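Breakdown of the fold
For reference, the chains in residue letters:
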Amino acid sequence: LGDISYIDVGEGPPALFVHGVFTNAVFWRNVVEEAGTQRRCIAVDLPAHGQTRTTESWDLSLPGLATALAAVCDAIEVGPVDLVANDTGGAVAQIFAATNPHRLRSFTLTNCDTQGNIPPPDFAPVVDLARQGGLAEVVKRLATDFDLARSNVGFGSGYERPQDLPDEVLHAYLAPLAESDLRARELERCVAQLEPGPLLAVEPQLKELDTPTLLAWGTGDPFFDLSWARWLRDTIPGVTEIVEIEGAKLFFPDERGAELAPHLLRHWQAVA
């Protein structure tokens, strides 16, 4: 692999946080602020995101990203982790969990891709654009036009109140992706590889995963509605409950992190 960037805050047993495409470790800022009182919170920048720079030799498929998570755990020598994920990071986390169940103490999924819904229909045009080689230029535009970034072309469909998304957060998300043509193309290569095969391949292992699993799901998400949380509940035997976050959209762990954190802490305490 190479150098993978991560944020490491708080003290206690390790918790590993995984973001989705177009965001990075900053996405978890409002969750780790509270969760860090009881956990060592490790939030990674997935390859092709944030400060993790890649080259054409990196595997940016979903299994490749899951391998990167395992490499982080090995490099910083952490034992079993409380794994928390959102969006595409949830697909990566399902593959990581299915293939590395011994690395998990607990599991939490928020709104994310699942088998049968990857990419979700409303996101499929973005994947198609990446495969056609047109996504890199859009990302560069978003990085210089925050009004556009707050619209449905950018993050608008994932936040309840995109108008309140701070400039510094948009800059943290987008500036690394657009800092060079190589970086924009690497993101494009990552998004272009979003397809159902990898999740289908690990479905048998997911059906045997008895790790205590919390599903915290925003009910206002057009990409991943509540039916997909129920699919996960019916697939993963370790699921203990579905917590519904009323009206919340895809990126609620950032926007409403203070609401998610107590559910995490309760879940972790029950596991302990």
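Presented here is an overview of the structure given in this document. (Residues numbered from 1 in each chain as written. Predicted model: local features only at pLDDT ≥ 70, side-chain atom pairs only at ≥ 80, totals over all residues. Heavy atoms only, no water.)

A short note on the overall build of the chain
The cut-off we apply is this: Runs of E in the DSSP output that reach at least two residues are strands. Runs of H or I that reach at least four are helices, and both are numbered from the N terminus. Using a 1.4 Å probe on the protein chains alone, a residue whose accessible area is under 20% of its type maximum counts as buried, one over 50% counts as exposed, and one in between counts as partly exposed. Note on contacts: a residue pair is in contact if any heavy atoms of the two residues lie within 4.5 Å. Neither His nor the chain ends is counted toward charge; the positive residues are Lys and Arg and the negative residues Asp and Glu. In plain terms, the charge of a residue is placed at NZ if it is Lys, CZ if Arg, CG if Asp and CD if Glu.
Across its full length, the chain holds twelve helices and seven strands. Overall size of the chain, expressed as C-alpha extent along the three principal axes, is 45 × 40 × 35 Å. Counting the 272 residues in the chain, one finds 57% classified as buried. In the chain, the proportion of contacts linking residues at least 24 apart, taken out of those at least 6 apart, comes to 77%. Of the charged side chains in the chain, 20 are positive and 39 negative; the average position of the first set lies 0 Å away from that of the second.

Re the layout of surface pockets
Selection criterion: The way it works is a 1 Å grid over only the protein atoms, where trapped points that fit a 1.4 Å probe form a cavity and open points with protein on both sides within 12 Å along at least five of seven lines form a pocket, and then any residue with an atom within 4 Å of a point lines it. Grid points are joined across faces, edges and corners, and a volume is the space filled by probe spheres set on the points. Only Asp, Glu, Lys and Arg are considered charged, only Ala, Val, Leu, Ile, Met, Phe, Trp, Tyr, Cys and Pro nonpolar, and every remaining residue, Gly among them, polar.
The volume enclosed by the largest pocket comes to roughly 410 Å³. Mapped by element, the contributors of at least two residues to the lining of the largest pocket are α4 (124–131) and α5 (135–144). It is α5 that provides the largest number of residues to the lining of the largest pocket, a total of four residues. Each residue belonging to the lining of the largest pocket can be placed in one class, and the counts come to 19 nonpolar, five polar and three charged.

Side note on the pattern of salt bridges
Where we set the bar: Note on definitions: salt bridges are taken to be side-chain nitrogens of Lys or Arg within 4 Å of carboxyl oxygens of Asp or Glu.
Taken as a whole and assessed by the stated rule, the structure comprises 20 salt bridges. Across the pair arginine 185 and aspartate 181 runs a salt bridge, and its minimum N-O distance is 3.7 Å. Note that arginine 185 and aspartate 181 are positioned in helix α8 (residues 181–192) at a spacing of four residues, about one turn of the helix. Judged by relative accessible area, aspartate 181 falls into the partly exposed class, the value being 40%. Residue glutamate 259 is joined to arginine 256 by a salt bridge in which the shortest nitrogen-to-oxygen separation is 2.8 Å. Look at arginine 256 and you get buried, because its relative accessible area is 14%. Several salt bridges share partner residues, and in doing so they unite Glu137, Lys140, Asp181, Arg185 and Glu188 into one network.

Describing the packing of α4 against α8
Each pair of packed helices can be described by the angle between their axes along with the distance between the axes. The test is simple: Only the stretch in contact is used when fitting a helix axis, every axis being a line fitted to C-alpha atoms; angles between N-to-C directions are given from 0 to 180 degrees. Oblique is the label for any angle not under 35 degrees, not over 145, and not in the 65 to 115 range, which are roughly parallel, roughly antiparallel and roughly perpendicular in turn. By convention, the crossing between two helices is left-handed when the near helix turns anticlockwise from the far helix through less than a right angle, and right-handed when the turn is clockwise.
The N-to-C vectors of α4 and α8 enclose an angle of 125°; their axes lie 8 Å apart at closest approach. Regarding the angle of α4 to α8, the classification is oblique. α8 is crossed by α4, and the crossing has left-handed handedness. Between α4, through Val126, Val127, Ala130 and Arg131, and α8, the contact on the second element is made entirely by Glu188, Val191 and Ala192. Within the contact of α4 with α8, the residues separate by chemical class into five nonpolar, no polar and two charged.

Regarding the pairing of strand β2 (residues 14–18)
Applied cut-off: Strand pairing is assigned whenever DSSP identifies at least 2 bridges connecting the two strands.
Counted residue by residue, β2 has five buried out of five residues, so it is predominantly covered. The alternating pattern of β2 places Pro14, Leu16 and Val18 and Ala15 and Phe17 on opposite faces, both of which are buried. Where β2 lies against strand β3 (residues 40–44), four bridges are found, and the strand directions are parallel. Opposite phenylalanine 17, over in β3, you have alanine 43 as the bridge partner.

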